Amino acid sequence: MRRSWLTVWILLALAPIGEGAAPPPSTPHNIYLQAKQATVGILEDTQDQRTPDKPGRIAVRGTGVHLRDGYVVTARHAAEKHDPTMGAVIPKQIRIITADLHELPAELVGDSAFMDVVLYRIVEPHRSTLRTGASFASGDVTPGVEVFTVGYPLGWGPTMAFGRLGNTNTFLQTVDTRLIQADLSACSGNSGGGLFNTRGELVGIMHAVIQTEKEETQAHCSRMAFAIPGTLAERIVNAALAGKPLAFSKLGIHMTAVKDGTKWRMAVKDVSEPAKSAGIQKHDIIIAVDDTEILDAAHLKNYLIERTTPGQRVAVKVRRIDADLTFTVTLGGG
């Protein structure tokens, strides 16, 4: 079947490493230097098992970011290997390359296929090799914010690209969660790299680009780049550090679009626990959760994923006929 020319491409690459680009003068140079030093390349496994004594070639397939104490976060698909019987699997150990060309092994700590994020840790005694780390930005981001990314586009790098955030609540078919759209140059191989603000804080983890060229090749670049929000990535990292899977909240409603005057809103199509016990009914129109206006089903889903935990109490405001009502729901787990 012939695919449409508008295609979403996960950001992987297999190519040699190269040189970086010079930053603009608007942000202190040390911010860019720190981001570069915290960025690592995810190496492709090119070792021929038939000749274990002969080193494989250096080929970078993705990008990662060192957080602290040897912990490296990257995109799950940047680390995946294909197994003939099991399909895509996450390897227990990967190799990374630092900006100053140290090749280091790292072991799996935890991952989330749901959000395309995985956490590794550099093995002892190599953890002190990476002294510079990055931290996640607090709070959410807004459109228009200046950002930059450091990575290995097409396997070359570390290089830098600069731009601004676009839609911070957008969706692709590649993951079942919201993404941040950024207007900056990104290519195959940037996947897993950090999307930084001008303070050098992580606001996202690079995930994909949309191919806009008609010709389909193995290497893709675009200014339509997308990142896993830093708020989500940080939750996965914290869950992995705690040694337990990330738990998601359950409200217990299925929704459908309805007209509320001239505005389209989401109404309850079916209701189950815990929303049912709290008093929410079928046909209620969802207005807000904890004073955050809910625009659609995806908006509600992302609010639950990013800002709540099972057992938390939330205030759900609904419109029932002509009355606005607020119910307190103790969220379930799922």
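Located above this text is the structure these notes cover.
Residues numbered from 1 in each chain as written. Predicted model: local features only at pLDDT ≥ 70, side-chain atom pairs only at ≥ 80, totals over all residues. Heavy atoms only, no water.

(A) Layout of the overall build of the protein chain. Secondary structure assignment for the protein chain yields five helices and 23 strands. Per element, the accessible surface of the protein chain, about 16,400 Å² overall, is 52% carbon and sulfur. (Helix = DSSP H or I, 4+ residues; strand = E, 2+ residues; numbered from the N terminus. Areas by Shrake-Rupley, 256 points an atom, 1.4 Å probe, with all protein chains shown as cover.)

(B) Structural detail: the sheet that holds strand β9 (residues 117–122). Taken in spatial order, the six strands line up as β2-β3-β4-β9-β8-β7 and close into a barrel, and their pairing is antiparallel. The sheet shows a mean angle of 40° between the axes of neighbouring strands, direction not considered. Of the strand pairs in this sheet, strand β2 (residues 39–43) and strand β7 (residues 93–98) are connected by three bridges, and their pairing is antiparallel. Each residue of the ladder has a partner; that of G41, found in β7, is I97. (Pairing = 2+ DSSP bridges. Axes fitted to C-alpha atoms, helices over the stretch in contact; angles between N-to-C directions.)

(C) Looking closely at unusual backbone geometry. A cis geometry characterises the amide bond from E124 onward to P125, with omega recorded as 5°. Inspection of the secondary structure puts P125 in the loop between β9 and β10 (146–151). Cis rather than trans, the peptide bond between E273 and P274 has omega equal to 5°. Counting through the fold element by element, P274 comes out in the loop between β18 (263–271) and α4 (275–278). Not every positive phi belongs to a glycine, and D116 is a case in point at roughly 55°. Of note, the phi angle at H283 is positive, near 80°, even though the residue is not glycine.

(D) Structural detail: the packing of aromatic side chains. Considering all chains together, one arrives at four aromatic pairs under this definition. Judged by centre distance (5.2 Å) and plane angle (20°), the rings of F148 and F196 are stacked. Separated by 48 residues along the polypeptide, F148 in strand β10 and F196 in strand β13 (residues 194–197) bring together distant segments of the chain. Neither F148 nor F196 differs from the other in exposure class; each is buried. Every member of this aromatic cluster is reached through a ring pair, and the members are Y32, F148, F162 and F196. (Phe/Tyr/Trp six-rings, centres within 6.5 Å; stacked < 30°, edge-to-face > 60°. Buried < 20%, exposed > 50% of the residue type's maximum accessible area, 1.4 Å probe, protein only.)

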